[in-house]
Each structure stands twice: as structure tokens, then as C-alpha cells.
Protein chains: 2
Amino acid sequence: MNSLYQNFRNIEPYVPGEQPQYSDRIKLNTNENPYPPSPEVKKVLESYDADNLKLYPDPEATALKETLAEHYGFEKEQIFVGVGSDDVLAMCFMSFFNSGKPILFPDISYSFYPVWANLFNIKYETPKLNDNFEIVKEDYYKENGGIVFPNPNAPTGVELPLSEIEEIIKHNQNSVVIVDEAYIDFGGTTALSLVNKYENLVVVQTFSKSRSLAGLRVGFAVANKQLISVMNAVKNSYNSYTLNSLSINAAAAAVKDDKYFKDTVNKIIITRENAKKDLHNLGFEFNDSKSNFIFAKHKTVKAKDIFEALKEKHIFVRYFNMPRIDNYLRITIGTDEEMKALIDFLKDYLSDKC
Amino acid sequence: MNSLYQNFRNIEPYVPGEQPQYSDRIKLNTNENPYPPSPEVKKVLESYDADNLKLYPDPEATALKETLAEHYGFEKEQIFVGVGSDDVLAMCFMSFFNSGKPILFPDISYSFYPVWANLFNIKYETPKLNDNFEIVKEDYYKENGGIVFPNPNAPTGVELPLSEIEEIIKHNQNSVVIVDEAYIDFGGTTALSLVNKYENLVVVQTFSKSRSLAGLRVGFAVANKQLISVMNAVKNSYNSYTLNSLSINAAAAAVKDDKYFKDTVNKIIITRENAKKDLHNLGFEFNDSKSNFIFAKHKTVKAKDIFEALKEKHIFVRYFNMPRIDNYLRITIGTDEEMKALIDFLKDYLSDKC
């Protein structure tokens, strides 16, 4: 190898969940929404004047920011939008985590956090969740370069009560605290109510889960104007035009159709609560998930064995071969039919095993 | 200001061209294509099954990479795709410019290069174009951490002959050389023919200009497989799912409609050559542009005055208040009608002034 290759980035990328292509697949492995997006999205695509695509999109994504601002009760200048919440979170890391001090996030958490920290040369420490997979707020009362955690946490589904989040924010007024609310709409309590109270809080949400628009790539952050202006400066130093014209318009239409959104989310919550009963009856143990997935282990049968058996039947769930969680499965909540297929298979499979 | 703000990124963002909203505007300031995209793009949008948007897009953007690979005669593994060529170029900077040595790009060039270098803490030097605004290849025969230049150059429109590009690549086999071909389709000679000959070459192109899809945000790079695999690892460490499902499919449809592409490009070239004659007759001086814009100064009247006068008539061109080029206008090639409006106004305006 010649010296050309010496100065390339040497990086271990994040490995996303499988995208199996079988036509009979039941896909419960990447926390997608089993229901289609609002019919208003379809209308936007069908009626969009494709001739407009010759022009650059609005770099401010005004139509989307205004819709989000009105919907959630903020000013437009408090909203940042990006190519999925991954883009938004990466921009947060670049914008706010430059102190040289280690940032803090839980040991069991979204597996992209250490990847971004490595990409941007940010030191980090990972306080351990307790044995119930709960964040221990006192672990975050120490000097740090910033804090980030999902709420509800992934892949555990466990929610940290808002009062404890507020304690963490209060104890860290010289650091930015990012609450990553990818799954908040499925029954959790959002920290958006704290945004105008604490200048060090950034709340990040996504259109990929509760709004059924993973394929459109839209996420957003809400914070005070000064933090958002820093994120905009970084974003405009990276790519002025990140959100395309179609995504801006289709995402805005989805937010406006609030009834569809609520109906869809409620269906998933009902299915989740039923799945909890069924899984419990089959001998699974899990925390009380407030997300669109259940993170479960079986009392006697190994997670990896169940994972492989499901896969053979083209039922895909997520298995993480990592310390502390290598006996768990993360099962996305699908439709009632999909969950029935899962439960029926597990009944048979486990009755043979147990 | 408390210490919260000390560790934020402090950055001067790139300032994109104005997006004036007047209904009678003639927009010749951001090098967009005056013609709509291929009708095949419209068909993709109208027939797209919006229900699919509930799922994540293909993180490999296989449909688009395969189409590009077949069209340009490469293997799929030699293609990288991103959210416009700005995203692709930013990924190149992160992937390849990590030596600590300064990278090289021309003093008059795409104004985003120094912005990325600052964002990623990359040192740089900017060899001067000669007085004819040409790149002097010998300036790039010195130790460096990488090389990037647009061809044709922006905002000058001047093409560097392929033989001289090859000399630069040959003299820098331990550095990655990025040829940024945003404007190549308007009459330049692409360096794609050199990709399989030199392992240190990356060619970057965009759908925003010649393919009339600025609003869709798609760009791509072609290089040897090893370089592309590094870019993919960096991209997957930043955001696994950058291109949305609609952009992947619509961009592939645009590439397949090669007749429309060629017809549109040829119309713009004819309009450009006519505009050169008209501008010359009005006393403008310029290099022989091979792009979809003309970078011109007037023999006697100041560029800034012409810029302001045009703006008052809602005719928008680009003026850069920067050393060496502050007496030039960058005029995007519009339709024949748009160029006639420009020329007619200039005739009147200049006859009063000269």
C-alpha cells in the first residue's frame, strides 16, 4: 500500500438494521411505522409541480419550520430541520460538543452516539444504566462537555420521568443537554415544555417513526434561538441545501394532518399494550416500553436462538450482540396482524423448547 | 454571556445566492437550469406509492448507483451518492484530507472550499489563477494534503484542458485529487476517462445544473472502489440514510432519459454562444466559458453599478465583492427569452452610460 492511503479516515461505521427483501417478510427490526403516512403526503407528491425542481429548495425550509413552530407553539427561529434526526443530531454534536471535556451518554443507548463522537474526535464517557435499564440522573451531575440521551431510551424503551430530565438540565447549565425524542409520541412526556425555561436544552424529534416518513428523511430540533442559530451556521457551512423541495412540502402536510397522526399513534399504542400481555404470557420479561418497540428477554430461551428461528420464518426483529443486552430482542410494534403472526410463531416455537 | 456559549462552533457560514421571490423576476444568479427536469421525473412522483415512505430508503441507493454505473461505464462500487455535490464534496474533505498538510485549491474558485476546510480544521493554500483566470498546473506540483478544483472553474467558467488535469494527477500520486465537475456537461471534457487509470482521482458531479434537479438534492462521485469504500464508511458514520426514496428514484429516471438531457444541454450551449456575441457587442469582456454561466466585466462601466441596475429591474445576476473579481458579474444562461430581456436592458442602460 502506498502512502496515498495513510491519510484516509479509518472508521468503524454504524451498521443499520437489515433491510430484508422477501415479499412475505414481517419487518419488526428497524422501528418503522406499520401504517402509511397521511394521505395528505400522497396528495403533495401527486400535485407537486415537478418543473420547480429545477430551482434550489428554500435553504431555510420556511414552509416546514413555520408549520412545526405553529404546531408545537414555538417561534420559527427556534426550529432546526435536517435529513432525519441523525443529520440533526450530527449537527448538534458538531455545534455544541467542542470543549475538549468528555460528553456523557448511557452505556446502553443509541449506537450512533459513539460513532459521531469518534467521527468528530469528541471524548465521551458512558455512565451505566442501572439493572432495570434506567438512567441514574446523579451520574450526570459531574463536569462534562455535553449530555445526550434518548427518551424513551433505545433500545430499552424505558422512559426517564420529565422531573428527572429537568434535574439533569438544571445541574448542567454550562453544558448543552440533548434529549433525543425519536420515540416520544408513543406515550412518553416530551421535554418541549422545558425549552423556553432552560437555555441549555435541545429537543430532537423525527418524522421517521410516529409520522410514518422514514423514507422522506426529515428530523428537527427545538431550542432557544441562540442555539438554533449556531446549528444553522454549522449546517450552512456543511451543505446549505439539505432538505429537498418535496420533503419540505410533504413533511409540512403530514404535520397539518394531526387527526391522522393521533389515530395512527393510538393504534400502535393499543397493539403494543396487547403485545405486552401476549409476550408476558409466553414467558418474556421486559420494562414498560413507552416506544414503538418492546425490548424483551425470555425467562429460559436464549434471545439469539429466538432471533434466528424468527428469521428463518422471515420475521425480522433486532438482536444486538453487545455486553449486557445480548440476551434481549428489540421487537418493533407492527400491525395487529403482524404481531399475531409473531405471537403465533413464538407460541409454537416456545412450547417445543420449554 | 455565561460559559455555556464558550464551546459552541464559531463559524462564518457560506452565503448562498439570493432567492428573490418577485413573480416577474429573471433569475440568473444561482446557475440553475432554465428548463424543467425530464418528464420522467414527473411520472415517478405521480406514480410513487407514498405508502412506501413509511420504510427507510435503501441506504445503498442501489437503483441510482446502478443507473449511474451503467450510464457512465463503471462498476456500482465505484459510485458514491449524496445530498447534492456539496454533501459529496464535504464527505470527500472528511474522508481524504487528514494529513495535517495544507490542501490546495485556486484563490478564485468555489467559495465553499475554504468553508469546509475551516469546518473540518484542514489547513489550505490557494495558488493564484493567472491573469487570464487559468489554473497554473505547476503550482500544484508541491507537497500537499490533497487538491480540489472545479472544472470548468467557478465562478470564472474557464476550463483546464484534460491533459493538464492529468499532469496534476500524475504529479500527486500520494494525494487525492478531486475534480469538481458541477458544470462539465455544458461543453467541457470530463476527467471520468482517467478514473480507472489513476487511483488518486475522484470526479464529482451534480444533478443540480445540467439535469435540472437542484430542488431534489442529488450529487455523486466516481473513483476507484477503495476510495469509494472510505467515503461510504464516513457517510455511514454520519447518516446512514441520506438520500430519500423519492430522490433515488426520480434521479435514476432523469439519467435514463438521455435524449432529454442532451437536448436541454444543447439548447443552453446555443443560448450561451449567442449571449457571448451579444455581450461582446455591448463592450463586455470574458473568458471562453464552458459552463452554464458567463463571468464578464464591462470595459468602462463598473460591475457593481450594472448589478444594482439589473436588480432594480428584477433581473438577478451574481456579484462577488471579493479581491480580483469585484469588477465581474456571473451571469447564468437562462432561456432565450430571459437572455433577450437581459441584453435589451443592458443595451438601454449602457447607451446612457457610455
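See the structure printed just above.
A short tour of the structure in this document, coming up. (Residues numbered from 1 in each chain as written. Chains lettered and ligands numbered in written order. Predicted model: local features only at pLDDT ≥ 70, side-chain atom pairs only at ≥ 80, totals over all residues. Heavy atoms only, no water.)

**A look at helix α10 (residues 336–353) of chain B**
Residues and elements named next belong to chain B. In plain terms, the rule: Helix and strand definitions here come from DSSP, where helices need a minimum of 4 consecutive H or I residues and strands a minimum of 2 consecutive E residues; each element is numbered from the N-terminal end. Helix span, expected: 1.5 Å multiplied by one less than the number of residues in the helix. Burial status follows relative accessibility: with a 1.4 Å probe on protein chains alone, a residue under 20% of its type maximum counts as buried, one over 50% as exposed, and anything between as partly exposed. Residue contacts follow a heavy-atom distance rule, with two residues in contact if any of their heavy atoms lie within 4.5 Å.
Compared with an ideal rise of 1.5 Å per residue, which puts 18 residues at 26 Å, α10 spans 25 Å between its outermost C-alpha atoms and is within 8% of the ideal. Among the residues making up α10, those that are buried are M339, L342, I343, F345, L346, Y349 and L350. Buried residues belonging to α10 abut α8 (258–281), β9 (284–286), β10 (293–298), α9 (303–312), β11 (315–316) and β13 (329–332).

**Some points on the packing of α8 of chain B against α10 of chain B**
Residues and elements named next belong to chain B. The cut-off we apply is this: For every element, the axis is a line fit to its C-alpha atoms; helices are fit only across the contacting stretch, and the angle between N-to-C directions ranges from 0 to 180 degrees. Reported orientations rely on four angle classes, namely roughly parallel under 35 degrees, roughly antiparallel over 145, roughly perpendicular from 65 to 115, and oblique for the rest. When residues are sorted by character, Ala, Val, Leu, Ile, Met, Phe, Trp, Tyr, Cys and Pro go into the nonpolar class, Asp, Glu, Lys and Arg into the charged class, and all the rest, Gly among them, into the polar class.
At a closest axis distance of 11 Å, the pairing of α8 and α10 adopts a crossing angle of 5°. When the axes of α8 and α10 are compared, the pair comes out roughly parallel. Contacts between α8 and α10 involve T271, A275, D278 and L279 from the first element and D336, M339, I343 and L346 from the second. For the contact of α8 with α10, the class distribution of residues is five nonpolar, one polar and two charged.

**Side note on helix α6 (residues 225–238) of chain A**
Residues and elements named next belong to chain A. For the record, the criterion: Each polar contact in these results corresponds to two N or O atoms within 3.5 Å; when the atoms are within protein, one needs to be able to donate a hydrogen and the other to accept it, and residues that are neighboring in sequence are counted only if both atoms are side-chain atoms.
Its 14 residues give α6 an end-to-end C-alpha distance of 20 Å, which sits within 8% of 20 Å, the value for a rise of 1.5 Å per residue. The buried fraction of α6 is high, at 11 of 14 residues. Turning to α6, its buried residues number three or more, namely L227, I228, V230, M231, N232, A233, V234, K235, N236, S237 and Y238. Two or three places before Q226, at the opening of α6, N224 has a side-chain oxygen 2.9 Å from that residue's backbone nitrogen.

**A few points about the interface of chain B and chain A**
Selection criterion: Buried area adds together the accessible area that both of two parts lose upon being put together, with accessible area traced by a 1.4 Å probe. Definition used for salt bridges: Asp or Glu carboxyl oxygen within 4 Å of a side-chain nitrogen of Lys or Arg.
In this complex, chain B contributes 84 residues to the contact, which on the side of chain A involves 84 residues. Together, the buried faces of chain B and chain A total about 7,000 Å²; carbon and sulfur atoms form 58% of this surface. If you sort the residues of chain B by the area they bury against chain A, K54, Y56 and Y238 of chain B come out on top, with a joint share of 12%. Where chain B touches chain A, the interface holds zero salt bridges. Sorting the residues of the side of chain B that touches chain A by element identifies α1 (39–47), α3 (84–96), α4 (112–119), α6 (225–238) and α7 (245–256) of chain B as the ones contributing at least two each. Grouping the amino acids of the side of chain B that touches chain A by side-chain chemistry returns 43 nonpolar, 27 polar and 14 charged.

**Some points on the sheet that holds strand β13 (residues 329–332) of chain A**
Residue and element names in this part refer to chain A. Short version of the rule: Should DSSP find at least two bridges between two strands, the strands are taken to pair.
On the basis of which strands lie adjacent, the open sheet formed by four strands has the order β9-β10-β13-β12 and antiparallel pairing. In the strand order of this sheet, the two ends are held by β9 (284–286) and β12 (318–319), each with one partner. Relative to β13, strand β10 (residues 293–298) is paired through four bridges, and the arrangement is antiparallel. Looking at the pairing, I294 lines up with I331 of β13. Helix-sheet contacts for helix α10 (residues 336–353) involve β9, β10 and β13, and the interaxial angle to β13 is about 145°.

**Thoughts on the environment of V158 of chain B**
All names here are of chain B. Secondary-structure assignment places V158 in the loop between β5 (147–150) and α5 (162–170). In this structure V158 comes out as buried when scored by relative accessible area, which is 12%. Remark: the alpha-carbon pair of V158 and F295, spanning 137 residues in sequence, is separated by 9.1 Å. Residues contacting V158, with those up to four places away along its chain left out, are N132, F133, E134, N151, P152, N153 and N287.

**Notes on the environment of V222 of chain A**
All names here are of chain A. By the secondary structure assignment, V222 is in strand β8 (residues 219–222). For the pair V222 and V158, spaced 64 residues apart in sequence, the C-alpha separation works out to 22 Å. Non-local contacts of V222, meaning those with residues more than four positions away in its chain, are made with F74, Q78, I79, L192, V195, L201, V202, V203 and I228.

**Observations regarding the pairing of β13 of chain A**
All names here are of chain A. Here β13 shows a buried face lined by L329 and I331 and a second buried face lined by R330 and T332. Inspection of the sheet shows β12 paired to β13 by two bridges, in the antiparallel sense. The residue bridging Y319 from the neighbouring strand is L329, located in β13.

**Some points on the pattern of salt bridges**
All names here are of chain B. Applying the stated criterion to the full structure yields 40 salt bridges over all chains. Across the salt bridge formed by D263 and K259, the nearest N and O atoms sit 2.7 Å from each other. Taken together, the positions of D263 and K259, both in helix α8 and four residues apart, correspond to about one turn of that helix. Residue K259 is classed as exposed on the basis of its relative accessible area of 60%.

**Considerations on the packing of aromatic side chains**
Here a ring pair, both rings aromatic, is described through the centre-centre distance and the interplanar angle of the planes. For clarity, the threshold we go by: Any pair of Phe, Tyr and Trp rings, taking the six-membered ring for Trp, is counted once the centres come within 6.5 Å. Such a pair is stacked with planes under 30 degrees apart, edge-to-face with planes over 60 apart, and tilted for the rest. A ring is scored as having a charge over it whenever the NZ atom of a lysine or the CZ atom of an arginine sits within 6 Å of its centre and within 35 degrees of its normal.
Considering all chains together, one arrives at 47 aromatic pairs over all chains under this definition. Judged by centre distance (5.7 Å) and plane angle (35°), the ring pair of Y72 of chain A and F220 of chain A falls under tilted. Pair noted here: Y72 of chain A is in helix α2 (residues 62–72) and F220 of chain A is in strand β8, with a separation of 148 residues, a long-range link. For the pair F295 of chain B and Y328 of chain B, a centre-to-centre distance of 4.8 Å together with 10° between the ring planes defines the contact as stacked. Taken together, the residues F295 of chain B in strand β10 and Y328 of chain B in the loop between β12 (318–319) and β13 connect sequence positions 33 residues apart. Judged by relative accessible area, which is 13%, Y328 of chain B ranks as buried. Each residue in the set F93, F97, F105, Y110, F112, Y113, W116 and Y124 of chain A is aromatic and connected to the rest through ring pairs, giving one cluster. Above the plane of the ring of F293 of chain A lies R330 of chain A, whose end atom (NZ or CZ) is 5.8 Å from the centre. For the cation-ring pair, K267 of chain B lies above Y35 of chain B, with the distance from its terminal atom to the ring centre recorded as 4.2 Å.

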